[in-house]
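# Overview (structure and organization)
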Amino acid sequence: MKRIFSLGLIATVLAAFTFTSCSKDDDDDASIVGKWSLTSAKIASGGESITISKENLSDDILEFKDNGTFKAIIEEEGVKEEFSGTYKISGNILTTTDEEGTENIKFSISGNKLTLQYEYYYDEENDEEYETQPAGKNYPKVTESLIFTRI
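Described in the following lines is the structure provided in the data block. (Residues numbered from 1 in each chain as written. Predicted model: local features only at pLDDT ≥ 70, side-chain atom pairs only at ≥ 80, totals over all residues. Heavy atoms only, no water.)

## Examining the nonpolar core
In this structure, Ile32, Phe64, Leu114, Leu116 and Phe148 are the most contacted members of the largest nonpolar core, which totals 25 residues. Listed by contribution, the elements that provide at least two residues to this core are β1 (34-45), β3 (61-64), β4 (69-76), β5 (79-90), β7 (101-110), β8 (113-123) and β10 (141-150). Of all the elements, β8 adds the most residues to this core, at five residues. With residues near it in sequence (within four places) discarded, Leu114 still touches Ile32, Trp36, Phe64, Phe107, Ser108, Ile109, Leu146, Ile147 and Phe148. (Core = buried A, V, L, I, M, F, W, Y, C linked by side-chain atoms within 4.5 Å. Buried < 20%, exposed > 50% of the residue type's maximum accessible area, 1.4 Å probe, protein only. Helix = DSSP H or I, 4+ residues; strand = E, 2+ residues; numbered from the N terminus. Contact = heavy atoms within 4.5 Å.)

Okay, structure coming up:
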């Protein structure tokens, strides 16, 4: 699945965390099935973390259907794109497959909140990310958490 979160956002993260929740009657539904809206994000590296509020994020929407398919509407640099594919869940790993390939994402659901967590090593100079630390390099490890609310 195409990266849900743009690394370009890291450079623009200066906002403090402000969160307003809109609860629904289905808060106890622990299923990933349904529509989800990006409401906040957290980026942590080297003992520091930054939380980004809804006002500073794009209006990304994920929809997971009970037939094992998903759709994502992602806004990147003012342009909305739609992606779709299939998904599987094994424990706390969400595996998505689409035209860009397969991706394994740590996830959790608590009430009406879905958290997707990515971990990678980031080369800030070249704006590159790596799943594993490249040999001979010492790039910082980044943990990126995207928090979605059921809509």
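Text resumes after the structure shown.
## Side note on the pairing of β8
Of the pairings in the sheet, the one linking β7 to β8 comprises five bridges and is antiparallel in character. Bridge pairing in β8 places Ser110 opposite Lys113. Between β7 and the antiparallel strand that follows it, β8, lie two residues; Gly111 among them carries a positive phi value of about 60 degrees. In this structure, β8 lies alongside β10, joined through nine bridges in antiparallel fashion. Bridge pairing links Tyr120 to Val142 in β10. (Pairing = 2+ DSSP bridges.)

## Here's the deal with the packing of aromatic side chains
Scanning the model with the defined rule gives three aromatic pairs in all. Geometrically, the ring pair formed by Phe64 and Phe70 is tilted, given 6.2 Å between the ring centres and 40 degrees between the ring planes. On the accessibility criterion, Phe64 (2% relative accessible area) is buried. Between Tyr130 and Tyr139, the aromatic rings sit 5.6 Å apart at their centres with planes inclined by 5 degrees, giving stacked as the arrangement. Note on Tyr139: relative accessible area 16%, which makes it buried. Put simply, the rings of Phe64, Phe70 and Tyr87 touch in pairs and so form one group of aromatic residues. (Phe/Tyr/Trp six-rings, centres within 6.5 Å; stacked < 30°, edge-to-face > 60°.)

## Some words on the pairing of β7
Where a strand is regular, its side chains alternate between the two sheet faces. Here strand β6 (residues 93-98) runs beside β7; their pairing, made up of six bridges, is antiparallel. Paired with Ile93 across the strands is Lys106, a residue of β7. Hairpin remark: β6 followed by β7, antiparallel, with two residues in the connecting loop.

## Section: the pattern of salt bridges
Counted by the stated rule, this structure contains three salt bridges. A salt bridge links Asp59 to Lys54, with the shortest nitrogen-to-oxygen separation between them at 3.2 Å. Owing to a relative accessible area of 26%, Lys54 belongs among the partly exposed residues under this scheme. With a shortest N-O distance of 3.7 Å, Lys141 and Glu119 are connected by a salt bridge. Here the residue Lys141 occupies a position in strand β10, and Glu119 occupies one in strand β8, the gap between them amounting to 22 residues. (Salt bridge = Lys/Arg side-chain N within 4 Å of Asp/Glu carboxyl O.)

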